[in-house]
Amino acid sequence: MTTTNVVADGTVSAAAVEHSYPDRAEVIMAIDQTIGNPKADEDQDRQYRVRVTVNRHDDGVMKVSGVNFIP
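Within every chain, residues take consecutive numbers counted from 1 along the sequence as written. It should be noted that, the model being predicted, local features are given only for residues of pLDDT at least 70 and side-chain atom pairs only at 80 or more, the latter also being counted only at that level, while totals for whole chains, interfaces and linings use all residues. Here the side-chain values reflect all heavy atoms present in the structure, with hydrogen atoms and water set aside.

> Would you mind showing me how to read a negative patch on the surface here?
The grouping of Asp32, Asp41, Glu42, Asp43 and Asp45 at the surface amounts to a negative patch. Helical segments are the DSSP runs of H or I of at least four residues, strand segments are the runs of E of at least two, and each set is numbered from the N terminus. For Asp45, the location among the structural elements is in strand β3 (residues 44-56). For patches, a residue must show more than 30% relative accessible area and have no salt bridge; joins then use 9 Å for like charges and 5 Å for nonpolar side chains, namely Val, Leu, Ile, Met, Phe, Trp and Tyr. Using a 1.4 Å probe, the Shrake-Rupley method yields the accessible areas, and only the shown protein chains count as cover for residues. By salt bridge we mean one thing: a side-chain nitrogen of Lys or Arg within 4 Å of a carboxyl oxygen of Asp or Glu. In this tally, Asp and Glu contribute negative charge and Lys and Arg positive charge; neither His nor the terminal groups of the chain are included. For this purpose, a charge sits on NZ of Lys, CZ of Arg, CG of Asp or CD of Glu.

Structure, rendered in structure tokens:
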């Protein structure tokens with residue numbers, strides 16, 4: 001097995017509830033990520049926006065059921 005030793009570190013820099021219903025919600029998040037690759041001269045910074053869907057389960061707990069990248 002070969003490993004690349006790439007390290008990714010991310011932070012949610014902003015989040016907002018887009019839609020909220022009794023049994024589910026959609027949350028928009030802005031994510032800042034730094035990727036460190038030993039083969040690269042410097043780390044790469046990336047920014048993403050994602051829509052996270054959470055659903056209420058039978059036990060009442062909200063759990064992530066989907067993540068979609070927003071272009």
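> Just checking my understanding: could you explain the pairing of strand β1 (residues 7-20) for this structure?
Looking along a regular strand, one sees the side chains alternate between the two faces of the sheet. For β1 and strand β2 (residues 24-36), the ladder comprises 12 bridges, and the chain directions are antiparallel. Note that in β2 the partner of Val12 across the bridge is Ile31. Where β1 hands over to β2, the hairpin turn is made up of 3 residues, counted between the paired strands. Should DSSP find at least two bridges between two strands, the strands are regarded as paired.

> What is the right way to look at the pattern of salt bridges in this model?
Close approach of charged atoms allows side chains of opposite charge to pair. Summed over the entire model, instances satisfying the criterion amount to 3 salt bridges. A salt bridge links Glu18 to Arg51; its shortest N-O distance comes to 2.7 Å. Here Arg51 lies in strand β3 and Glu18 lies in strand β1, a separation of 33 residues in the sequence. Classification of Glu18 as partly exposed rests on a relative accessible area of 33%. Residues Asp59 and Lys63 are paired through a salt bridge, measuring 3.9 Å at the closest nitrogen-oxygen approach. Here's how the labels work: a residue is buried when its accessible area is under 20% of the maximum for its type, exposed when over 50%, partly exposed in between, all with a 1.4 Å probe on protein chains only. Given the relative accessible area of 53%, Asp59 is considered exposed.

> Whenever I open this one, unusual backbone geometry confuses me. Can you help?
If you check the backbone angles, Asn5 has positive phi at about 60 degrees while not being a glycine. Inspection of the secondary structure assignment puts Asn5 in the segment before β1. Given a relative accessible area of 54%, Asn5 falls into the exposed group.

> How should I be thinking about the environment of Asp32 in this particular structure?
In this structure, Asp32 sits in strand β2. Separated by 13 residues in the primary sequence, Asp32 and Asp45 place their C-alpha atoms 7.3 Å from one another. A polar side-chain atom of Asp32 sits 3.4 Å from a polar atom in the side chain of Ser13. Pairs of N or O atoms within 3.5 Å make up the polar contacts considered here, provided that, within protein, one atom can donate a hydrogen while the other can accept it, and that residues adjacent in sequence are counted only when both atoms are side-chain atoms.

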